[in-house]
Protein chains: 4
Amino acid sequence: MTDFPNRLLAGYRNFMSGRYTDERERYRLLAEKGQKPHTLLIACCDSRAAPETIFDCGPGELFVVRNVANMVPRYEPDSQFHGTSAAIEYAVQVLEIDNIVVMGHGRCGGIQAALDPNLEPLSPGDFIGRWMSLVRPAAEQIQSNNLMTASERQTALERVSIRNSIANLKTFPFVRNGIETGALDVHGAWFDISTGELWVMDEQGDFMRPELNGVDVQAEQTSA
Amino acid sequence: MTDFPNRLLAGYRNFMSGRYTDERERYRLLAEKGQKPHTLLIACCDSRAAPETIFDCGPGELFVVRNVANMVPRYEPDSQFHGTSAAIEYAVQVLEIDNIVVMGHGRCGGIQAALDPNLEPLSPGDFIGRWMSLVRPAAEQIQSNNLMTASERQTALERVSIRNSIANLKTFPFVRNGIETGALDVHGAWFDISTGELWVMDEQGDFMRPELNGVDVQAEQTSA
Amino acid sequence: MTDFPNRLLAGYRNFMSGRYTDERERYRLLAEKGQKPHTLLIACCDSRAAPETIFDCGPGELFVVRNVANMVPRYEPDSQFHGTSAAIEYAVQVLEIDNIVVMGHGRCGGIQAALDPNLEPLSPGDFIGRWMSLVRPAAEQIQSNNLMTASERQTALERVSIRNSIANLKTFPFVRNGIETGALDVHGAWFDISTGELWVMDEQGDFMRPELNGVDVQAEQTSA
Amino acid sequence: MTDFPNRLLAGYRNFMSGRYTDERERYRLLAEKGQKPHTLLIACCDSRAAPETIFDCGPGELFVVRNVANMVPRYEPDSQFHGTSAAIEYAVQVLEIDNIVVMGHGRCGGIQAALDPNLEPLSPGDFIGRWMSLVRPAAEQIQSNNLMTASERQTALERVSIRNSIANLKTFPFVRNGIETGALDVHGAWFDISTGELWVMDEQGDFMRPELNGVDVQAEQTSA
């Protein structure tokens, strides 16, 4: 017997007796024919914002990158290991996904760390400090705004960071090309953990609540 | 109005009228009190292997990193951006999670690419090529084994890669320290997309089907 | 026959045959016994944000000040005409209202003018320019934030301005005294014209969606 | 959670489930295209005389200034903060409204204060005293008339004050200009809280009951 965490085994048992039983054939086909997800979703590691849960997606739908604060670095063709860039390259060039969605969320610990002027390195490697330095200039500008509350500054940086990631996405030649040919759409979204509200980004970069009336009917047609 | 993908909006609508309605209070408390996940789960981006689905986990349970082929690099305290290392640092040092699970899966596109001797760069940046070079030596050794079938070589490298990630995890001083003090357990798992089978790693590094009988009762006690 | 605007006369006719007929006795009593409103509501002149409509209030409930951008100046006991200060004084000292609510709203023209670096005086008197100078320092700080979109800057200043008005309210000795003795509560609110959403201010000055479940039952008890 | 007044939340809930549901699209369009109200309505803060209620107006129709006793000061292009003048400037110069209506009402507390020879300052700032000094000369003349009852003196000053505000309105160059070119009409009205009667001012400054027969038909044509 292994000491694998018991509550994960219990959860797996629920999966097998429930969802997997219902979708056995779908899993079999996805294994045989390969995945063909429609969307690359770049999300945060946060335990409260799982993309498959929020978008009620089944197996085969979302190719998901999750890193702290759902960040995309700029296109840097050097010799380093770029986990997020590798996933983007694979999703666009091999899987030929239709959409890229960068989804941030409220109360993000990474963004909170970026806005903390007294943050000490969490370890000698200071990995979080370096990773969050991707939004350092924006964080500093927002930090200095003493008219907004701490919570408003946090939401502001969460949204600035999504726009920043989307701008960085467009520095990848194959992403830019996909947008230009119409093969690829890039979107931003922000999830409010507290209320369950989803906000989506419009063309000006503003976040708004989407209209959900009539959406399900169209979706059924799309997936039929 | 935005052109946010319709099927994601339809899924979000399902989430709001279904799961969110049932768990509204849980989300509210998780927002108010912060997350306290029990497990850091390092998984692949693959659309067919979402950890929350496979382990039937709700909001607040899993802090999830997803990159191509669920890889962990070695501890490298340099000045680069290390997304995966940053997430591990945050999960262990700030969230004080109890478990780290590295979960691989069958038919992994990243592993397949690593085993392809003729793979061309997917873009001038060759991000996937560089990212998968983390398992290059292992891939080359397995590639040269002409007694195993292509499918067997793939499964072999998927499992070697999980063991490799776990070994790299242990190069992080704070992970090693957590294991030594008993505060942290590190596990491997492998999910077979085709059959839905979960295999977990034992102390020798072998993968086996876990015993599920009696598991759910204990789980109920844990969450009570 | 007068040339009084026809659509106002038509609306008045609707009022008389509808609402007034239903509430004839309430109006008669309010005339006989005088008004005893529970709330002083300081709102904007905007035609899309009438307090009685948004809070579904009948005659006798809200004592309403409306000026451009729902602003409260600081306590200035000089010899000038202070319309808003006079209304606050009358509401607190004569009517002894229980609550003061400062309600701002989205897409406020006054706030938009305050954020426009090129705004020309609208007339030689430049009344709007002078009136909006009450939030000039805040407007300048927010104007300089080039990471937020124009729409985000506008919402930020709308909320800063509400907090500013509430801070100014507390410079009036009789308001401060009412708060200290518990006779008076001061609140902020922000109405989103586009979606109909109401956001209310919490003790930290943050705006959040109020919980409406169960509210009507309590309200019936309160008004019974 | 905030302690926002419960009866306001209950009223908001009614608004959302009732009127807002019926007019959702109208609010959305008003947010998107901006307001274009036909009338600037200058009214009193009194809780029994809400203009939107009396004229049965929906969102987007009335730009509303409310101060104690619905007063308009004279055009004074000095460096002071003039809330009412700012609203008039914005309504005429930016919104280009068609009508200005000054609406007084019976049993007005501000007018009553102006007629009280023994009125003490309500606070050391004496804001009401100073504000009502805008009608001081008229108030003193009427106060001295011992042939009229107290109630008759009050109604008389309420109407004198409306005519006074209209005269002051015409000291604003842009108002005078609008009247001369025919772009702008200026009106007076007086609402009797006790009976619900609306009286409108004719060209001689007299108040009369308007003829309502046939009015609604024209209104339908206007809004068609």
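Residues numbered from 1 in each chain as written. Chains lettered and ligands numbered in written order. Predicted model: local features only at pLDDT ≥ 70, side-chain atom pairs only at ≥ 80, totals over all residues. Heavy atoms only, no water.

Chemist: Report on the overall build of chain A, specifying residues and quantitative values.
Modeler: Each helix and strand in chain A was counted, giving ten helices and six strands. In terms of overall size, chain A behaves like a compact globule, its C-alpha atoms giving a radius of gyration of 19 Å where 224 residues would be expected to give roughly 17 Å. Dimensions of chain A, computed from the C-alpha atoms along their principal axes, are close to 55 × 50 × 45 Å. Within the span of chain A, comprising 224 residues, buried residues form 61% of the whole. The long-range fraction of contacts in chain A, counting pairs at least 24 apart against all pairs at least 6 apart in sequence, stands at 66%. Per element, the accessible surface of chain A, about 8600 Å² overall, is 45% carbon and sulfur. One way to put it: in chain A the 20 positive side-chain charges average out to a point 4 Å from where the 30 negative ones average out. (Helix = DSSP H or I, 4+ residues; strand = E, 2+ residues; numbered from the N terminus. Rg over C-alpha atoms; globule rule 2.2 N^0.38 Å. Buried < 20%, exposed > 50% of the residue type's maximum accessible area, 1.4 Å probe, protein only. Contact = heavy atoms within 4.5 Å. Areas by Shrake-Rupley, 256 points an atom, 1.4 Å probe, with all protein chains shown as cover. Lys, Arg positive; Asp, Glu negative; His and termini not counted. Charge placed at Lys NZ, Arg CZ, Asp CG, Glu CD.)

Chemist: Talk me through the relation of the copies chain B and chain A; I want residue IDs and the actual numbers.
Modeler: Placing chain B over chain A gives an RMSD of 0.1 Å and needs a rotation angle of 180°, together with 0.0 Å of translation along the axis. Such a combination of rotation and displacement between the chain copies is what one expects of a two-fold axis. Minimal C-alpha distance to the rotation axis in chain B is attained by Arg 66 of chain B, lying at 2.4 Å. The residues that chain B uses at the interface reappear at the interface of chain A in 98% of cases, marking a shared surface. (Least-squares fit on C-alpha atoms with pLDDT ≥ 70 in both.)

Chemist: Explain the side chain of His 105 of chain A to me, using residue names and the numbers behind them.
Modeler: Residue and element names in this part refer to chain A. Mapping His 105 onto the fold places it in strand β3 (residues 99–105). A relative accessible area of 2% places His 105 in the buried class. Beyond its immediate chain neighbours, meaning those up to four positions away, His 105 contacts Cys 44, Asp 46, Ala 49, Asn 70, Glu 158, Trp 190, Phe 191 and Ile 193.

Chemist: Let's hear about the interface of chain B and chain A: which residues, and what values?
Modeler: Taken together, the contacts link 106 residues of chain B with 107 residues of chain A. For the pairing of chain B and chain A, the buried interface totals around 9400 Å² over both sides, and the portion due to carbon and sulfur atoms is 64%. When residues of chain B are sorted by the area they lose upon contact with chain A, Tyr 12, Phe 81 and Phe 127 of chain B head the list and together hold 9% of the total. Between Arg 66 of chain B and Glu 52 of chain A there is a salt bridge whose closest N-O contact spans 2.8 Å. Inspection of the chain B/chain A interface yields 36 residue pairs in polar contact (both at pLDDT 80 or more). Ranked by the residues each element gives to the side of chain B that touches chain A, the list is headed by helix α1 (residues 6–17) of chain B, at eleven residues. Each residue belonging to the side of chain B that touches chain A can be placed in one class, and the counts come to 51 nonpolar, 33 polar and 22 charged. (Buried area = accessible area lost by both parts, 1.4 Å probe. Salt bridge = Lys/Arg side-chain N within 4 Å of Asp/Glu carboxyl O. Polar contact = N/O pair within 3.5 Å; in protein donor to acceptor, adjacent residues only side chain to side chain. Nonpolar A, V, L, I, M, F, W, Y, C, P; charged D, E, K, R; others polar.)

Chemist: Would you mind going over the relation of the copies chain D and chain C in detail, with residue names and values included?
Modeler: Relating the two copies of this chain is a rotation about some axis coupled with a shift parallel to it. With an RMSD of 0.1 Å, the fit of chain D onto chain C corresponds to turning through 180° and sliding 0.0 Å along the axis. When the interface residues of chain D are mapped onto chain C, 98% of them again lie at the interface, so the same face is used by both copies.

Chemist: Describe in detail the pairing of strand β4 (residues 185–191) of chain C, supporting the description with residues and values.
Modeler: Residue and element names in this part refer to chain C. The buried count for β4 comes to six of seven residues, which makes it a mostly enclosed element. Two strands pair when backbone bridges link them, and β4 and strand β5 (residues 198–201) are joined in this way by three bridges, in the antiparallel orientation. Paired with Trp 190 across the bridge in β5 is Trp 199. Linkage of β4 to β5, two consecutive antiparallel strands, is achieved through a turn of six residues, within which Gly 196 is found at a positive phi near 80°. (Pairing = 2+ DSSP bridges.)

Chemist: Before we move on, can you summarise the packing of aromatic side chains with the specific residues and values?
Modeler: Scanning the model with the defined rule gives 53 aromatic pairs over all chains in all. When the ring of Phe 172 of chain A is compared with that of Phe 127 of chain B, the centres are 5.7 Å apart and the planes differ by 50°; the resulting orientation is tilted. Of the two residues, Phe 172 of chain A is situated in the loop between α8 (150–169) and α9 (173–181) and Phe 127 of chain B in helix α6 (residues 127–132); the pairing between them involves two chains. Just as Phe 172 of chain A is buried, Phe 127 of chain B falls in that class too. Linked through ring pairs, Tyr 12, Phe 15, Tyr 20 and Tyr 27 of chain A together with Phe 191 of chain B together constitute an aromatic cluster. The ring of Trp 199 of chain A carries Arg 159 of chain A above its face, with NZ or CZ at 4.9 Å from the centroid. (Phe/Tyr/Trp six-rings, centres within 6.5 Å; stacked < 30°, edge-to-face > 60°. Lys NZ or Arg CZ within 6 Å of the ring centre and 35° of its normal.)

Chemist: Break down the pattern of salt bridges for me, citing the residues and quoting the values.
Modeler: Residues and elements named next belong to chain A. One pass over the structure, following the stated rule, counts 36 salt bridges over all chains. The salt bridge involving Arg 19 is made with Glu 23; its shortest N-O contact spans 3.0 Å. Within this pair, Arg 19 and its partner Glu 23 are both found in helix α2 (residues 19–33), separated by four residues, close to a single helical turn. Under the relative-accessibility criterion, Arg 19 is labelled partly exposed at 33%. Note on Glu 23: relative accessible area 14%, which makes it buried. Close ionic contact of Arg 28 with Glu 32 constitutes a salt bridge, the shortest N to O distance being 2.9 Å. Of this pair, Arg 28 and Glu 32 both sit in helix α2, four residues apart, which is roughly one turn of that helix. Exposure remark for Arg 28: the relative accessible area of 35% places this residue in the partly exposed category. Where salt bridges share partners, they join Arg 19, Glu 23, Arg 26 and Glu 61 into one cluster.

Chemist: Explain the arrangement of the chains to me, using residue names and the numbers behind them.
Modeler: A minimum C-alpha distance of 11 Å separates chain B and chain C, which share no contact. Without any contact between them, chain A and chain D keep their closest C-alpha atoms 11 Å apart.

Chemist: Go over the domain arrangement of chain A with me, naming the residues and quoting the values.
Modeler: Residue and element names in this part refer to chain A. Per the domain assignment, the segments making up chain A are domain 1 (1–34) and domain 2 (35–223). For domain 1 and domain 2, the distance between their C-alpha centroids amounts to 28 Å. On the domain 2 side, the residues contacting the seven residues of domain 1 number seven residues. Where domain 1 touches domain 2, the interface holds one salt bridge. We note a salt bridge from Glu 61 to Arg 26, for which the minimum N-O separation is 3.7 Å. For the interface between domain 1 and domain 2, the tally reads one residue pair in polar contact (both at pLDDT 80 or more). (Domains from an automatic or database assignment.)

Chemist: Break down unusual backbone geometry for me, with residues and values.
Modeler: Non-glycine residue Asn 70 of chain A carries a positive phi angle of around 40°. Position of Asn 70 of chain A among the secondary structure elements: in the loop between β2 (62–67) and α4 (83–93). Look at Asn 70 of chain A and you get buried, because its relative accessible area is 2%. Of note, Asp 126 of chain B is a non-glycine position whose phi angle comes to about 50°, a positive value.

Chemist: Got a sec to walk through the interface of chain D and chain C? Specific residues and values, please.
Modeler: Contacts between the two partners involve 106 residues from chain D and, on the opposite side, 107 residues from chain C. Overall, the association of chain D and chain C removes approximately 9400 Å² of surface from exposure, summing both partners, and the carbon and sulfur fraction of that is 64%. When the area that chain D buries against chain C is broken down by residue, the three leading residues are Tyr 12, Phe 81 and Phe 127 of chain D, summing to 9%. Scanning the region where chain D abuts chain C turns up two salt bridges. Taken together, the connections running from chain D to chain C amount to 35 residue pairs in polar contact (both at pLDDT 80 or more). At eleven residues, the largest contribution of residues to the side of chain D that touches chain C is made by helix α1 (residues 6–17) of chain D. Its residues assigned to classes, the side of chain D that touches chain C shows 51 nonpolar, 33 polar and 22 charged.

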